[in-house]
Amino acid sequence: MATIVRPEVVTYHQYIDGQWTDSDAGGTFDVINPSTEEVVATAPAGGRADAQRAIAAARRSFDDGEWRNQTQLQRSQTMFAIARHLQDRGDDWAMLEARTAGATIRKASVVDVPLAVETFRSMAEQALQIPWYEPLPWIDIPHVSWNFVQREAIGVCTGIVPFNFPLMIAMWKLAPALAMGNSIVLKPSPFTPLTLLEVARAIDETGLLPRGVLNVVTGPGDDLGEELVVNDDVDKVAFTGSTAVGRRILALAAPTIKRVTVELGGKSANIVCADADLDVAVDGTLFGTFFHQGQACESGHRVYVHDDIYDAFMERLVATAAALRVGDATDYDTQVGPVISRRQYDSILAAIDRAQAEGATLLCGGGRAGGAGDKGFFVQPTVLADVRPESHIATDEVFGPVLAVQRWSDPGDVVRRANRSIYGLAGGIWSRDTRGAIEMAKRLRTGTVWINDWHLLNALAPFGGYKQSGSGRELGAYGLREYTEVKHIHVDQNVPREDRHFYDVLLG
Ligand code: NAD
């Protein structure tokens, strides 16, 4: 089979009901390489009619039951076989992630692709442990009955995916939905639709999924995305993206009382204690912030450094940050690639300017990084110190390689400041005192806390946000359960009418 990473502009199609199709209205949009600003591909600009076609296909496949009615073992075995096939295509996808999402090729090869495939496999494995039937104790009020809980697939799920981890976050939705017997319609970000379309192609090639169980539509959020939320035939929406759009999704889902999980923005606090191992804490802080150009939702952009180590820590942090190699994401030497778009580039530089106007001191970066000539959306890794707790750079999600530092000395005060945020996605603590760090972790109001680490999400552990960082969880058994309904079934034990005294409340 020909490699999928081709130099020419490639025309892609949506994947609906097992067919590759144009958009109903016939329009397309360009997919841009953020390192070069060149057009890599075109994809269909889907609208409401495309969403409706895909939802109808998913509905029919779910109602037919060809996937849903398989045993858990059959479904998991099918997914293991698909995972093996996906793994074989990993190198192509890593290059696509680099060319469209600006993921450095080293990150895409080492992190994105292997973890995405592992998530797919692991969800299928974990699903084998989720009980579909759970007996309840015998109930004898008002008379003896047999009761149990039956778990069921929800039905038609839709998954709306952001630009930053196109492959991995799509898998966080696809894998649990399939594992629990649902049908799904996925919509990637219009910036980064290609990898998911290639995943659909690879799955299609296996012939292992019944037609209509997986569908991928492409296009902007507005009509296409909103139809995936409001349509009566959709039973569950899994959205990952900004908090602003998340609020809109929740409002759109309200009239039909959809099951909804939203995984949203963050501004995570990174607390460096006086007893931290500086070698680990400096590099870990840089990794926690500049990995993927700071475009990971759970990045530790708010850094709190203890007074006692402030000077030593900052000297090393700034020296290392300033030496990071920024460049074309497809180059193996590149450590920091481009941000996703011109708009994002402009908003990051504006946030840096505003931070300085609000009193922050620029210690390194702050502007455009060289990159390839004047093309590409390259922002220098930026460190800002003397950040005021109430300033925008301390509170707002910037989604770029910008680290904002504050000092601290009192543990109660730093926890209070860390928690003073509308977000609650993640947090981190660097300390040699594990017990003290765990106590501090318990006081942070976030869905994940790393102690002496960052970014280490795991297919076994739940991921999601407190506060306005989201609602619901992905990954692990918690994530799988989000793709099921539970039904209580009560079975009478042939109690004769004369013993059913409670009927007499009405009839007696
Ligand atoms: P975004 O909210 O702009 O878009 C996300 C997706 O929603 C895209 O596919 C977009 O086309 C679609 N969309 C936009 N408007 C819509 C609408 N009205 N109805 C339906 N769909 C709509 O986010 P983005 O810029 O792609 O991603 C960055 C954001 O995502 C950041 O805020 C980041 O923190 C967040 N994020 C969160 C997590 C998490 O797990 N909590 C993970 C990754 C990214």
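Our structure's up above, just so we're on the same page.
Scoring rules and cut-offs
- Residues numbered from 1 in each chain as written.
- Predicted model: local features only at pLDDT ≥ 70, side-chain atom pairs only at ≥ 80, totals over all residues.
- Heavy atoms only, no water.
- Helix = DSSP H or I, 4+ residues; strand = E, 2+ residues; numbered from the N terminus.
- Expected span 1.5 Å × (residues − 1).
- Buried < 20%, exposed > 50% of the residue type's maximum accessible area, 1.4 Å probe, protein only.
- Pairing = 2+ DSSP bridges.
- Axes fitted to C-alpha atoms, helices over the stretch in contact; angles between N-to-C directions.
- Contact = heavy atoms within 4.5 Å.
- Near = heavy atom within 4 Å.
- Polar contact = N/O pair within 3.5 Å; in protein donor to acceptor, adjacent residues only side chain to side chain.
- Areas by Shrake-Rupley, 256 points an atom, 1.4 Å probe, with all protein chains shown as cover.
- Nonpolar A, V, L, I, M, F, W, Y, C, P; charged D, E, K, R; others polar.
- Domains from an automatic or database assignment.
- Salt bridge = Lys/Arg side-chain N within 4 Å of Asp/Glu carboxyl O.

Draft legend 1. Examining helix 5 (residues 166–179) more closely. The terminal C-alpha atoms of helix 5, which comprises 14 residues, lie 20 Å apart, in line with the 20 Å expected from a rise of 1.5 Å per residue. Most of helix 5 sits inside the fold, with 14 of its 14 residues counted as buried. Phi turns positive one or two residues past the end of helix 5, at Gly181, with a value near 90°.

Draft legend 2. Examining the sheet that holds strand 19 (residues 426–430) more closely. Pairing is mixed in the open sheet, where seven strands are placed in the order 15-16-17-14-13-19-20. A strand with exactly one partner marks an edge of an open sheet, and here the two such strands are strand 15 (361–364) and strand 20 (448–451). Across the sheet, the mean angle separating the axes of adjacent strands is 25° when strand polarity is ignored. As paired elements, strand 14 (residues 302–306) and strand 17 (residues 402–408) share five bridges and run parallel to each other. Counterpart to His306 in the pairing with strand 17 is Trp408. Packed on one face of the sheet, helix 9 (residues 278–290) meets strand 13 (269–272), strand 14, strand 16 (382–385), strand 17 and strand 19 and runs near 135° to strand 17.

Draft legend 3. Representation of the sheet that holds strand 7 (residues 145–153) in the model. Strand order in the open sheet made by the three strands is 6-7-23, with antiparallel pairing throughout. At either end of the open sheet lies a strand with only one pairing partner, and these are strand 6 (133–135) and strand 23 (484–492). Taking each pair of neighbouring strands and ignoring which way they run, the sheet shows an average axis angle of 20°. Relative to strand 23, strand 7 runs antiparallel, the two sharing nine bridges. The partner of Asn147 across the bridge, within strand 23, is His490.

Draft legend 4. Here's a closer look at unusual backbone geometry. In the segment running from Ile141 into Pro142, the intervening peptide bond is cis, with an omega of 0°. Tracing the sequence through the fold places Pro142 in the loop between strand 6 and strand 7. One non-glycine residue, His292, lies in positive phi territory at about 55°. With respect to the helices and strands, the residue His292 is situated in the loop between helix 9 and strand 14. Despite not being glycine, Leu475 has its phi angle at roughly 75°, a positive value. Along the chain, Leu475 turns up in the loop between strand 22 (470–471) and helix 15 (476–481). Leu475 sits in the buried class, given a relative accessible area of 3%.

Draft legend 5. Representation of the site of the ligand in the model. Close to the ligand lie 27 residues; Val161, Glu226, Ser242, Leu264 and Glu397 are nearest. Within the backbone of Gly241, a nitrogen or oxygen atom sits 3.3 Å from an oxygen atom of the ligand. A distance of 2.6 Å is found between an oxygen atom of the ligand and a side-chain nitrogen or oxygen belonging to Glu397. Alone, the ligand offers 850 Å² of accessible surface; in the complex the protein occludes 88% of this. Looking at the shell around the ligand, the elements with two or more residues in it are helix 7 (221–230), strand 11 (236–240) and helix 8 (243–253). Per-element tally for the shell around the ligand: the top contributor is helix 7, with three residues. Residues that form the shell around the ligand fall into these classes: 15 nonpolar, eight polar and four charged. Counting residues domain by domain, the shell around the ligand receives three or more from each of domain 1 (24–264 + 469–488) and domain 2 (269–451).

Draft legend 6. Quick look at the pattern of salt bridges. For the coordinates displayed, the defined rule picks out 26 salt bridges. Of the charged contacts, one joins Asp223 and Arg48 as a salt bridge, the two residues approaching to 3.4 Å between their closest N and O atoms. With Asp223 in helix 7 and Arg48 in helix 1 (residues 48–64), this pair connects stretches of sequence that are 175 residues apart. The partner of Arg259 in a salt bridge is Glu485, with the nearest N and O atoms 3.0 Å apart. Linking Arg259 in strand 12 (residues 259–263) with Glu485 in strand 23, this pair joins segments that are 226 residues apart in sequence. For Arg259, a relative accessible area of 38% corresponds to the partly exposed category. If you follow the salt bridges from partner to partner, you end up with Asp17, Arg60, Asp64 and Arg211 in one network.

As far as function goes, none of this settles anything; it's purely spatial.
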